[in-house]
Structures are given as C-alpha cells and as structure tokens.
Amino acid sequence: QVQLVESGGGLVQAGGSLRLSCAASARTFSNYAMGWFRQAPGKERGFVAAISGSGNPKLYADSVKGRFTISRENAKNMVYLQMNGLNPDDTAIYYCAADNRLGVPSTTPVVYDYWGQGTQVNVSS
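Residues numbered from 1 in each chain as written. Predicted model: local features only at pLDDT ≥ 70, side-chain atom pairs only at ≥ 80, totals over all residues. Heavy atoms only, no water.

Draft legend 1. Highlighting the sheet that holds strand β8 (residues 78-83). Strand order in the open sheet formed by four strands is β1-β3-β8-β7, and the pairing between neighbours is antiparallel. Each end of this open sheet is capped by a strand with a single partner; those strands are β1 (4-7) and β7 (68-73). Shown here is a sheet whose adjacent strand axes are inclined to one another by a mean of 15°, direction ignored. Of the strand pairs in this sheet, β1 and strand β3 (residues 18-24) are connected by four bridges, and their pairing is antiparallel. Paired with serine 7 across the strands is serine 21, a residue of β3. (Pairing = 2+ DSSP bridges. Helix = DSSP H or I, 4+ residues; strand = E, 2+ residues; numbered from the N terminus. Axes fitted to C-alpha atoms, helices over the stretch in contact; angles between N-to-C directions.)

Draft legend 2. Up close: the nonpolar core. The biggest cluster of nonpolar side chains holds 36 residues, and the ones touching the most others in it are Leu4, Met34, Trp36, Val79, Leu81, Met83 and Tyr94. Elements with a contribution of two residues or more to this core: β3, β4 (33-39), β5 (46-51), β7, β8, β9 (92-99) and β11 (119-124). Aside from chain neighbours lying at most four places away, what touches tyrosine 94 is Glu6, Leu20, Trp36, Phe37, Arg38, Val48, Phe68, Leu81, Met83, Gly118, Thr119 and Val121. (Core = buried A, V, L, I, M, F, W, Y, C linked by side-chain atoms within 4.5 Å. Buried < 20%, exposed > 50% of the residue type's maximum accessible area, 1.4 Å probe, protein only. Contact = heavy atoms within 4.5 Å.)

Laid out in structure tokens, this is it:
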C-alpha cells in the first residue's frame, strides 16, 4: 500500500506560480511512475503530467506544456509540479498518483494504483 499526500495548493493571481509537492510512503519509490491529474467542478479528472521512475521520460498535457514542470527526488520519496503562468482555466483540485508498472508513464487515470487526497488550486483573473 502506498500513501500519497499532496501539498502546496492555494490561491494565486493569473500569471502567478505555485509548486505542488507529493510525499509518498512507497518502500521503493523509484519503482513507481508518478502522475499529476486535475479535476475542475463539473469536469472529469484529466491528465496534467507524468514522470517515469527514473525521472525520464516526462509527459505533459498540451494545455500545460511550457508552463508546468514535473520532477521527482527519489531519495526523498517526493514528486513535484512547478506551475508557472497560471490562468483561471488551471483552477482545479490537483491529485498525485502512483503507478507500479515499470516503463513509460501513463496519461490514463485508470492505470494508476494509488491516489492522494488532492490539493486545491484557485487562480483568480
């Protein structure tokens, strides 16, 4: 069982930045690909970014490419999402997820085995 705890959400003005963190309890964290997903009110949970256990490759949704950066520190069991150039469309609950398959990370939520409780990000115009 892997527990994931997100932090770093909050309220920010358009154009601002936030850094989300996800702490994992996994025994061998590098065995897990990690993903960030988000869900806005009335919408389905959608893919944001993912990273393999080794740190490469990384995948991004088209809507966040060039603005968001996913990274991880395996020695600390941490994964991060640096979000720059935020706009109101980025408002959502952001979830961290872990996938215990080796290889290229997935963009599909159903593939992920473990999920955090989410952290709210609000971007004002």
